Amino acid sequence: MAPEEFLGNQTPATTTTPAHAAVIFGVTGLVGKELARRLTLKPSWKVYGIARRPEPEPVESSKYHFISCDLLDPLETQQKVSVLEDVTHMFWVTWASQFPLDSPECCQQNKAMMGNALNALLPRATSLRHVSLQTGLKHYVSLTRPHFDGREVQNFDEECPRAIANYNFYYDLEDLLRERLAGKVAWSVHRPGLIMGSSYKTLYNFMGSLCVYGTMCKHLNLPFTFGGTRERWEEVSIDGSDARLVADQHIWAATTDSIASRNGQAFNSVNGPSFTWREIWPSIGKRFGLQVTQEAMFQQDYWYSSAMADKNKVWREIVKEEGLVEMEMEDLANWGFLDVLFRCPVKLLGTRDKADKLGFGTRYKTLDSIYYWIDFMRHEKLIP
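Heads up: these notes are all about the structure in this document. Since we're looking at a predicted model, the values are computed, not measured.

**Considerations on the pairing of strand 1 (residues 20-25)**
Step number 1: Within strand 1, six of the six residues are buried, leaving the element largely enclosed by the surrounding structure.
Step number 2: Residues of strand 1 alternate between two faces, with His20, Ala22 and Ile24 on one and Ala21, Val23 and Phe25 on the opposite face, all of them buried.
Step number 3: Of the crossover connections in this fold, the one passing from strand 1 over helix 2 (residues 30-40) to the parallel strand 2 (residues 45-51) is right-handed.

**Here's the deal with the sheet that holds strand 4 (residues 89-92)**
Step number 1: Taken together, the seven strands give an open sheet; going across it, the order is 3-2-1-4-5-7-11, and neighbouring strands pair in parallel fashion. Of all the strands in the sheet, just strand 3 (64-68) and strand 11 (265-269) have a single pairing partner and so form its edges. Going across the sheet, the axis of each strand differs from the next one's by a mean of 15°, ignoring polarity.
Step number 2: Both strand 2 and strand 3 contribute to a ladder of five bridges, which runs parallel. Residue Gly49 lies in a different strand from strand 3, and its bridge partner there is Phe66.
Step number 3: Packing against the sheet, helix 4 (residues 104-121) makes contact with strand 1, strand 4 and strand 5 (130-134), and its axis sits at approximately 170° to strand 4.

**Some remarks on the environment of Glu322**
Step number 1: With respect to the helices, strands and loops of the structure, Glu322 is situated in helix 12 (residues 312-322).
Step number 2: In the structure, Glu322 is positioned 250 residues away from Leu72 in sequence and 38 Å away in space, judged by C-alpha atoms.
Step number 3: Not counting residues within four places of it along the chain, the set of residues in contact with Glu322 comprises Lys381 and Pro384.

**Concerning the nonpolar core**
Step number 1: By size, the foremost hydrophobic cluster in this structure holds 87 residues, and its most contacted members are Phe206, Met207, Trp277, Trp281, Trp315 and Ile370.
Step number 2: In terms of domain composition, this core takes at least three residues from each of domain 1 (20-195 + 241-269) and domain 2 (197-238 + 274-348 + 364-380).
Step number 3: Here Phe206 is in contact with Leu194, Ile195, Met196, Trp277, Phe337, Leu338, Leu341, Phe342 and Ile370, once residues within four sequence places are set aside.
Step number 4: Within the second largest apolar cluster, 39 residues are counted, among which are Leu71, Ala120, Ala125 and Leu173.

**Side note on the packing of aromatic side chains**
Step number 1: Throughout the structure, instances matching the rule amount to 30 aromatic pairs.
Step number 2: Where Trp95 meets Phe169, the ring centres are 5.7 Å apart and the plane angle is 10°; that geometry is what we call stacked. Here Trp95, found in the loop between strand 4 and helix 4, pairs with Phe169, found in helix 5 (residues 169-181); they are 74 residues apart in sequence, far enough to count as distant.
Step number 3: Given the relative accessible area of 27%, Trp95 is considered partly exposed.
Step number 4: Here the aromatic rings of Phe275 and Trp277 are separated by 5.0 Å at their centres, their planes lie at 85°, and the arrangement is edge-to-face.

What counts and how
Residues numbered from 1 in each chain as written. Predicted model: local features only at pLDDT ≥ 70, side-chain atom pairs only at ≥ 80, totals over all residues. Heavy atoms only, no water. Buried < 20%, exposed > 50% of the residue type's maximum accessible area, 1.4 Å probe, protein only. Helix = DSSP H or I, 4+ residues; strand = E, 2+ residues; numbered from the N terminus. Right-handed = clockwise from strand over helix to strand, strands pointing away. Pairing = 2+ DSSP bridges. Axes fitted to C-alpha atoms, helices over the stretch in contact; angles between N-to-C directions. Contact = heavy atoms within 4.5 Å. Core = buried A, V, L, I, M, F, W, Y, C linked by side-chain atoms within 4.5 Å. Domains from an automatic or database assignment. Phe/Tyr/Trp six-rings, centres within 6.5 Å; stacked < 30°, edge-to-face > 60°.

Everything listed here is a matter of coordinates, which is why it stays silent on function.
And the structure:
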């Protein structure tokens, strides 16, 4: 795949003042990077990207401005965000992952982080028109207290009630936005499933984990094995969400006046066509140049965190031999995440009827998304 298919033709700088200024909190993440790419390609947009650490290869555009900021530090956030007085659109696609998801500490930390950003931005960005929040399909379930039978296909729509959960920071962030915007600024919340994109040092990096695993299997001549439960292997269990689609939906909701709501609009952000891992696993293996045998393809007692635990040295050898971007295996792969994903006690499935009816047309087949991001990561020299 040619580079321009990934990055597009960058728009040259103009001397006119951009009509729109976006601030992306979490710009180095799976969706944040796509938001920055897309918005910098649009005429009359300026983009501020905020994260703690810059990307090894940041977005190349004169309209893009990266700001390193620890959003958990209220003083630093005030200093660096309050000066962004021209912001018209805010995109929140970040979260603090220091504590377990279903914990009070996780809720407190994420609420504090967004609170710091809002405290700095709202009094100064007087032209703010829209705030876009990203959470996920876990809005509808509790992993610790599942109240839907995991064996039943439950397709959640945006009006489904919140799960019976002790703690879910998604709820805290929605409630904080509703309180702070107070009906004065339009906002939307986007709920993807399994996000497929390219980033590094992202905790739930499915494509990074999958690509490192496929690369390791190829290099060591190992079987390409799905390690998980039979239910997750054979049944429709989760919706794929291409990072390109999620970014497109953020921009669509933020810039389409006919759907703007100061009471907040929620949208499931999913690819569309359903899939099972059993259906697509052989094709994924072939994309890595692997011969996938029926006997070795599915193993309930296979754990990635155990099988890959001693492979750091092998990965460093692959990086050196193939001339890849130098980073540790754990910067791309999270084996514990794959183990949990393929043994998840609940199904994460959402309808996209609402977005479809309102005119959002982007759709992908999940296997095509996986193909695209494998090729993208090869182009970025993250995998061979």
